[in-house]
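Summary of structural features
Take a look at the letters that make up each chain.
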Amino acid sequence: MFDSLRENKYFREIVSFLKQENLYEKSYLVGGSVRDLLLQKPLKDIDFAIKADTIKLAREFARQTNGSFVLLDEFFSIGRVVKDDITIDFAELRGGSIEADLRERDFTINSMAVPLSLEKIIDPFEGIKDLNNKLIKMVNEENLKADPLRVLRAYRFHATLDFIIENMTHEALKRNAYLMKLTARERLKDELWKILSVIDSLKTVRLMVEDEIFKAIFKPSEHLQIISDIKAFELMEMILKEPEKLFSVSLDKIIQKQYIYICLKFAAIFDFQVSEMIKQLKPSKKERRFVESLIESHIRIRNIETLVDKVRFIRDFEKILYPALIYGISKDPLGYARSWFYRRIEDFYRKVYLKNKKKLPIIKGDEILKLGFEPSPIVGEILERIETLVLAGKIFNKEQAIQEIKKRYLLTRQE
């Protein structure tokens, strides 16, 4: 069972360090690390509970091994060391013993420990049994109240592990969900993003809507109604799984950054109020701007009627064109049945727009002034119109551009 752990270079390095610090007998591998080992998942996070000053310990381990130290939680005395793609958490043993420590944890599947000798599993709440039954079961309700983020974490395990939430636990989650309004926004966002990063998160999101978890997370205002759009979310996930069925590019070309994938799904759950909702989660600037641009693109795409409208839409939202098209389909009243409209935009973009974009600029501002115009905002208006007509495939060279300018602007002025 623990053969892979014995061969893990990071684990061996930590054990050697803890022996050096005379903490070998006072240290335990705990929580998610034990769970993932039992599920035969690769270890990306290695968590220890140690009867020691763990923040000081983590600093020293980082110094000796050229890792990066992060103060994760000063109140609970948790220090993190990051090495390569691995995070190593040193947490102070709570309650004076490993049994007392495990008693304060969230769910039975996370309330197991292994001594560094790897000779046994300490499992006071039958976490192994619940792992085998694919069950998320609380240790006790008071632990949920002590840290309300654990409510959302239950839904995260529902999504990432595809486990069922035990009935009594489920009722306790709903009963205590309102306490999440007291939880740090960054922590809530981290759990939500983990849920949405799962390819098949529809089942979990649907359950969260039914349990009114989003209403518990987000603070309403007189301008903010929390309305969930499960139909749009379902369609969004379906498209993201196989975008090649609709468009000419693969998912890795559409989603070049993970935050785009997650924010697309987040935006699909809600409606235009999503711009205000994401602000409550303390997003990065990129995340906030992306969601705001997505909502703006949706307003614009609904008003496309002419070829010029189409060109201006593509020009203004070219950087997020495919996410905007996918979001548009998910929110379209006709849904997938109207996907032809969005495919035509992409088809025009590839076959006409990109080809004509290479011709720009066909005419410059100083050349327009030589036609008899004074420096004024109208020069910018002319440049914008000519660029639009070039991108639309209506003007192909400078001569045609000059003819268009004379026809539309100079003749009008003479009249």
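The rules behind the values
- Residues numbered from 1 in each chain as written.
- Predicted model: local features only at pLDDT ≥ 70, side-chain atom pairs only at ≥ 80, totals over all residues.
- Heavy atoms only, no water.
- Helix = DSSP H or I, 4+ residues; strand = E, 2+ residues; numbered from the N terminus.
- Buried < 20%, exposed > 50% of the residue type's maximum accessible area, 1.4 Å probe, protein only.
- Axes fitted to C-alpha atoms, helices over the stretch in contact; angles between N-to-C directions.
- Parallel < 35°, antiparallel > 145°, perpendicular 65-115°, else oblique.
- Left-handed = near helix turned anticlockwise from the far one by under 90°.
- Contact = heavy atoms within 4.5 Å.
- Nonpolar A, V, L, I, M, F, W, Y, C, P; charged D, E, K, R; others polar.
- Polar contact = N/O pair within 3.5 Å; in protein donor to acceptor, adjacent residues only side chain to side chain.

With respect to the environment of E296
Its location among the elements puts E296 in helix 17 (residues 285-301). Assessed through its relative accessible area of 43%, E296 is described here as partly exposed. Separated by 24 residues in the primary sequence, E296 and F272 place their C-alpha atoms 9.2 Å from one another.

Side note on the packing of helix 13 (residues 230-241) against helix 15 (residues 258-269)
In the contact formed by helix 13 and helix 15, the axes pass within 7 Å of each other and the chain directions differ by 155°. Taken together, helix 13 and helix 15 sit at an angle that is classed as roughly antiparallel. For the pair helix 13 and helix 15, the sense of crossing is right-handed. Touching A232, F233, M236, E237 and L240 of helix 13 are Y261, L264, K265, A268 and I269, all from helix 15. Among the residues forming the contact of helix 13 with helix 15, the class breakdown is eight nonpolar, no polar and two charged.

Examining unusual backbone geometry
Note the cis peptide between L360 and P361, where omega equals -5°. Of note, P361 is situated in the loop between helix 20 (339-357) and helix 21 (365-369). For D84, which is not glycine, the phi dihedral falls at a positive 55°. With respect to the secondary-structure elements, D84 resides in the loop between strand 4 (78-83) and strand 5 (86-92). Taking the relative accessible area as the measure of exposure, D84 reaches 58% and is therefore exposed.

Here's the deal with the packing of helix 8 (residues 149-160) against helix 9 (residues 167-176)
For any two helices packed against each other, one specifies the inter-axial angle together with the distance between the axes. Contact geometry for helix 8 and helix 9: axes closest at 9 Å, N-to-C directions at 135°. Comparing the axis directions of helix 8 and helix 9 gives the class oblique. In the packing of helix 8 onto helix 9, the handedness of the crossing is left-handed. Of helix 9, the residues touching helix 8 (which contributes R150, V151, A154 and Y155) are H170, L173, K174 and N176. Among the residues forming the contact of helix 8 with helix 9, the class breakdown is four nonpolar, two polar and two charged.

Regarding the environment of S248
Summarising the element assignment, S248 is placed in the loop between helix 13 and helix 14 (251-254). Note on S248: relative accessible area 42%, which makes it partly exposed. Spatially, the C-alpha atom of S248 lies 57 Å from that of K19, the residues being 229 residues apart in sequence. Not counting chain neighbours up to four residues away, the residues in contact with S248 comprise Y322, E346 and R350. Here E346 takes part through its side chain, which lies 2.5 Å from a polar atom of the side chain of S248. For S248, the side chain forms a polar contact with the side chain of R350, separated by 3.0 Å.

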